[in-house]
Amino acid sequence: MPGSVSTALLFTEDAVVSVTDPSGTRGFALRDGSSELRRLFLHALARFGEGGVSYVPREAQRAFVGVSSTIAERDLLFAPMIAGGRTLGVIALMLEGDPGDEARRELALFCSVATSIVDQQRALVAARRQSRDSQLLAMVNERLHKSLDRRDVLFGIVEGVRSAFSADRCFVYERLPDGEHAAVAAAAVHGGASGAPRTAVALDADLRKVFGGLTVRRDELDGNDIYGAGARSAMALPFVVDGRVEDVLVLSFDRPRGFDDADLAALRSLAFHVGLALSNARLYERERARRAQAESLERVVRILRDTQYVDEVLLVFVVTVSHELPIDCAAYALEGDQLTRRASRARETRGSEPAASVDRALLEPFLVVDEPSDASLLPRAARDALFDGRGGVIIPLRLEGALWGCFLVRGIESGLDWPPEERATFFRTLGSHLEIALANAHAYERELRRAQEREMLAEAARSILSHTEIGSLADVMSRLAGSIVHADRSCVLRWNGEHYAVVGSYGEGVAETIDQSGIDLVHRAERFPTLVGDERRVQRLIDGPGYVVIPLTQTAGGSGSEAIDAFLLVGRDASERFSRDELRIMQELGALLSLALRNLELYEAMGVANRALQESSGFKDDLLAMLAHDFKGPLTVILGYCELLMETSEDQREEIETIYSQTRRLVRLSEDALVLAQTQAEGFSLARTIVDLGSFVAECAEATAPNNPRLHIDAGTDRLAVELDPNRFRHVMDNLVSNALKYSTERVDVKVRRERDRALIEVSDRGIGIPEGELSMLFSRFGRASNARDKGFSGSGIGLYVARKIVEVHGGSISVDSKENEGSTFVVTLPIHEASGIR
């Protein structure tokens, strides 16, 4: 309309965009673009029309007081732009007077066309934004499906976000562990725009707000290191992961760039989904860390299971832990008041090794607890000595409830990105497995040491128990004691009736060690058996710096005490005391020496007894041989006179025959006694010769019972050559044949035969036999069957014993097969001599 000033007011979510024609003129305007002011303006406008064109003269413009700054300047004509029930804007004309209905209709038509165009444009922009937002969310999900690694997710989204918002740069800041600085975790820069900061930046007010959970928007920047050099506008919003802000997204522009509510909503939706993606990535990383922990723990346990020695366990542990995890590891053992390093391995060469030893007092508060202790809690001296300014933990180790030592790991702040509670649980579990491995290694070493001690003691027993003389025994024992406990000298002191004297020693300086021990050599020591418990244990040995005295043998003394007959004294040049294991093995060695000394005493006593017994036995054998020999002469004379009287006197023949038979019995007894004495003598020997056994047996049997019709001899047809003493073996045949004839009233068979490489003599009768239970004692000295005594058969019981001795001396054997009341068969077995010359 000529002379009018037209203004188009377009409403957005948080602003009002106005365009005036002609350009540069003053048109209708609202005081600001707030939504509240717009609501008041539209409410006032509704008073002048029902959604159509409204004419407002000057005098009626009081309704817009407080809403517009251009009222009452000219008349106003308003045409609202309404689409879909929403007011998109208003076209305002400043003119003079009412333009008429035709102008109103034209303005309404124009407004309808403009409204359609604006609505389509806004729909297109909204669609583009929705597409952009969908693409951004799809990109986040795609990155999440491609990788669950946190950095991969961040690097994958920064370029997409920058491109979607046409930003010059897009950063993701991550907070550093110190809490006061942040570093760029991912960045995307467009064209020639300046890049992201290359180093960590200190948290300024904006970053502190964003890391606190707020969104920051800057529209008028004049260069800022945080947003990038040359940035003129920027927005920063947080990524919330598990309720904490650890990453911040920054979009910056080298030009002024306004952000409407849609942009802010899109970015917040993006931040929410990225937070979910990072949360999933964290869960994945934690699960992966747990699997890595479990696998590392399994490998450590598997390797530890194959180790047997303590030092080997510690070395394998620190090497395996350092290899499995990117950390340094060291193991310490408690030695007195010091923790001494036993094994260590550094993952990196930078820095120094953990101290070789550290005072226990510095770590005492952290060793009495079962939980790992962080390095930051330790005293400065211990922290500097063990951790060299790096982070880490120290874990105590206990065996059988007592503190054994500890192990530490350091460098975990860069090597283990685990939550503190998971890290503590892992190292506590690791320490438990190390304690089990150490307990097994200690048990193995203890058993191995005891096996070695048992072997040494067995060797000592074999060595000392073979000695029969006190001097050599004491020397050997002293040398063994010195070598087993690595002593420089040792000796055995024994009571000789007046004082304790050295009977054996090893090394030099024994006299000085005796003086050092303070042992009383003049008075005989006693042990009181009335003492019990620890008091009696103390009396088992006396140890001091560099020496130990062990009581050995003891005999009963007066007043209920025990006199100690000997001591084992062991000394070394060093002044430290002997260890408990050394004292224990020396006590066992002392017990062994006590036994050896006692055995030596018994051996000496047994030697005296044996000599007395041998003298007594020799005297007995000589006496028996003398009596048997001296009896035989007079008995032979008696036999001669009896034979003469039987030939010349018929009146008393029966009495003379009785005397004759009893005299012959005495002759046999004297012959048996003489042979028995000879077999018992040390000089018993044989005059061997090779004979034909058949002929020899037949000759002996005929001589024993000449012309006796009950005696049947089968000497065989084969000539069996045997080597024997005819005079002595004749006594065997005489005994067997005469016994068979005596205990039987029927036929007696004597048979000689060959069985493989042995010659057999069998003497069988059908007499009274022998009870089965008495066969085993028949060939013993004075052994007789009970039925022979019951039936009144005379005999001494030494004939078969003598026969057995003679047969065995010839290398043969004698046995019997008998049944009571059925008869007996005696079998003599002799080796056959393969020789041609037979006497």
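In this text the structure is predicted, and so the values were computed from the model without any measurement.

A. How the structure looks around the overall build of the chain. If you tally the helices and strands in the chain, you get 19 helices and 32 strands. When the 839 residues of the chain are sorted by exposure, 43% land in the buried category. Counting only carbon and sulfur atoms, one obtains 51% of the accessible surface of the chain, whose full area is about 43300 Å².

B. Up close: helix H7 (residues 360-367). Every buried residue of H7 is listed here: Leu363, Phe366 and Leu367. Down the axis, H7 shows its buried residues gathered within 90° of arc, on one side only. Of the exposed residues in H7, those oriented more than 90 degrees away from the buried face are Ala361 and Pro365. Buried residues along H7 sit in contact with strand E13 (338-345), strand E14 (357-359), strand E15 (373-374), helix H8 (380-387), strand E16 (392-399) and strand E17 (402-410).

C. Here's a closer look at the sheet that holds strand E12 (residues 328-335). Read across the sheet, 6 strands follow the order E14-E13-E12-E17-E16-E15 without closing on themselves; strand pairing throughout is antiparallel. Two strands lie at the open edges of the sheet, namely E14 and E15, each paired on one side alone. Looking at chain direction, E15 and E16 are connected through 2 bridges and run antiparallel. By the bridge assignment, aspartate 374 is partnered in E16 with valine 393. Strands E12, E14, E16 and E17 of the sheet are contacted by H8, whose axis makes an angle of about 65° with E17. Relative to the sheet, helix H10 (residues 420-464) contacts E15, E16 and E17, its axis offset from that of E16 by approximately 35°.

D. Inspection of the packing of aromatic side chains at higher detail. All chains considered together, the criterion is met by 11 aromatic pairs. A centroid spacing of 5.0 Å and a plane angle of 80° characterise the contact between phenylalanine 317 and phenylalanine 407, whose relative ring orientation is edge-to-face. Linking phenylalanine 317 in helix H6 (residues 310-324) with phenylalanine 407 in strand E17, this pair joins segments that are 90 residues apart in sequence. The same class applies to phenylalanine 317 and to phenylalanine 407, which are both buried. Taking the centre distance of 5.2 Å and the plane angle of 70° together, the rings of tyrosine 500 and phenylalanine 567 count as edge-to-face. Taken together, the residues span a long stretch of sequence, with tyrosine 500 in strand E19 (residues 500-506) and phenylalanine 567 in strand E25 (residues 566-571) at a distance of 67 residues. Note on accessibility: tyrosine 500 and phenylalanine 567 belong to one class, buried. Clustering of aromatic rings is evident, with ring pairs tying together Phe28, Phe41 and Phe78.

E. Representation of helix H16 (residues 693-704) in the model. Here H16 contains 12 residues, and its C-alpha end-to-end distance of 16 Å stays within 8% of the 16 Å for a straight helix at 1.5 Å per residue. Where H16 is concerned, the buried positions are Leu693, Gly694, Phe696, Val697, Cys700 and Ala701. The buried residues of H16 occupy an angular sector of 165° when the element is viewed end-on, so they sit on one face.

F. Geometry of the confidence of the model for the chain. In this model, the chain carries an average pLDDT of 80, and 85% of its residues clear a pLDDT of 70 or more. Ignoring residues within four places in sequence, the model shows residues 530-539, a span with pLDDT below 50, making 10 contacts including any to other chains.

G. Spatial organisation of the pattern of salt bridges. Tallying each qualifying case throughout the model produces 34 salt bridges. Linking glutamate 371 and arginine 428 is a salt bridge whose minimum nitrogen-to-oxygen distance equals 2.4 Å. Here glutamate 371, found in the loop between H7 and E15, pairs with arginine 428, found in helix H10; they are 57 residues apart in sequence, far enough to count as distant. By relative accessible area, glutamate 371 is classed as partly exposed at 39%. Overall, arginine 428 belongs to the partly exposed group, its relative accessible area being 29%. In this structure, aspartate 573 engages arginine 489 in a salt bridge whose closest nitrogen and oxygen atoms are separated by 2.5 Å. One end of the pair, aspartate 573, is in the loop between E25 and helix H14 (580-648); the other, arginine 489, is in strand E18 (residues 489-495), with 84 residues separating them in the sequence. Classification of aspartate 573 by relative accessible area gives exposed; the value is 58%. Given the relative accessible area of 12%, arginine 489 is considered buried. The structure contains a network of salt bridges with shared partners spanning Arg58, Arg74, Asp75 and Glu96.

H. Main features of the packing of H16 against helix H17 (residues 726-742). At a minimum axis separation of 9 Å, H16 and H17 run at an interaxial angle of 60°. Regarding the angle of H16 to H17, the classification is oblique. In this structure, the crossing between H16 and H17 has a hand that is right-handed. For the pair H16 and H17, contact is made by Phe696, Val697, Glu699, Cys700, Ala701 and Thr704 and by Pro726, Phe729, Arg730, Met733, Asp734, Val737 and Ser738, respectively.

I. Expanded view of the packing of H10 against helix H11 (residues 470-484). Interaxial distance between H10 and H11 falls to 10 Å at its minimum, and their mutual angle equals 165°. It follows from the interaxial angle that H10 and H11 lie roughly antiparallel. By crossing handedness, the relation of H10 to H11 is classed as right-handed. For the pair H10 and H11, contact is made by Met456, Ala460, Ser463 and Ile464 and by Leu473, Val476, Met477, Leu480 and Ile484, respectively. When the residues that make up the contact of H10 with H11 are grouped by side-chain class, the tally is 8 nonpolar, 1 polar and no charged.

J. Representation of the pairing of strand E7 (residues 181-189). Examined bridge by bridge, strand E6 (residues 169-175) and E7 share 7 bridges and lie antiparallel to one another. In the sheet register, arginine 175 faces E7, and the bridge partner there is alanine 182. Between E6 and E7, which pair antiparallel and follow one another directly, the connecting turn spans 5 residues, one of which, glycine 179, has a positive phi of 80°. Where E7 lies against strand E8 (residues 201-202), 2 bridges are found, and the strand directions are antiparallel. In the strand pairing of E8, histidine 181 is matched with alanine 202.

Calculation criteria
Residues numbered from 1 in each chain as written. Predicted model: local features only at pLDDT ≥ 70, side-chain atom pairs only at ≥ 80, totals over all residues. Heavy atoms only, no water. Helix = DSSP H or I, 4+ residues; strand = E, 2+ residues; numbered from the N terminus. Buried < 20%, exposed > 50% of the residue type's maximum accessible area, 1.4 Å probe, protein only. Areas by Shrake-Rupley, 256 points an atom, 1.4 Å probe, with all protein chains shown as cover. Arc of directions from axis to C-beta. Contact = heavy atoms within 4.5 Å. Pairing = 2+ DSSP bridges. Axes fitted to C-alpha atoms, helices over the stretch in contact; angles between N-to-C directions. Phe/Tyr/Trp six-rings, centres within 6.5 Å; stacked < 30°, edge-to-face > 60°. Expected span 1.5 Å × (residues − 1). pLDDT = per-residue confidence, 0-100. Salt bridge = Lys/Arg side-chain N within 4 Å of Asp/Glu carboxyl O. Parallel < 35°, antiparallel > 145°, perpendicular 65-115°, else oblique. Left-handed = near helix turned anticlockwise from the far one by under 90°. Nonpolar A, V, L, I, M, F, W, Y, C, P; charged D, E, K, R; others polar.

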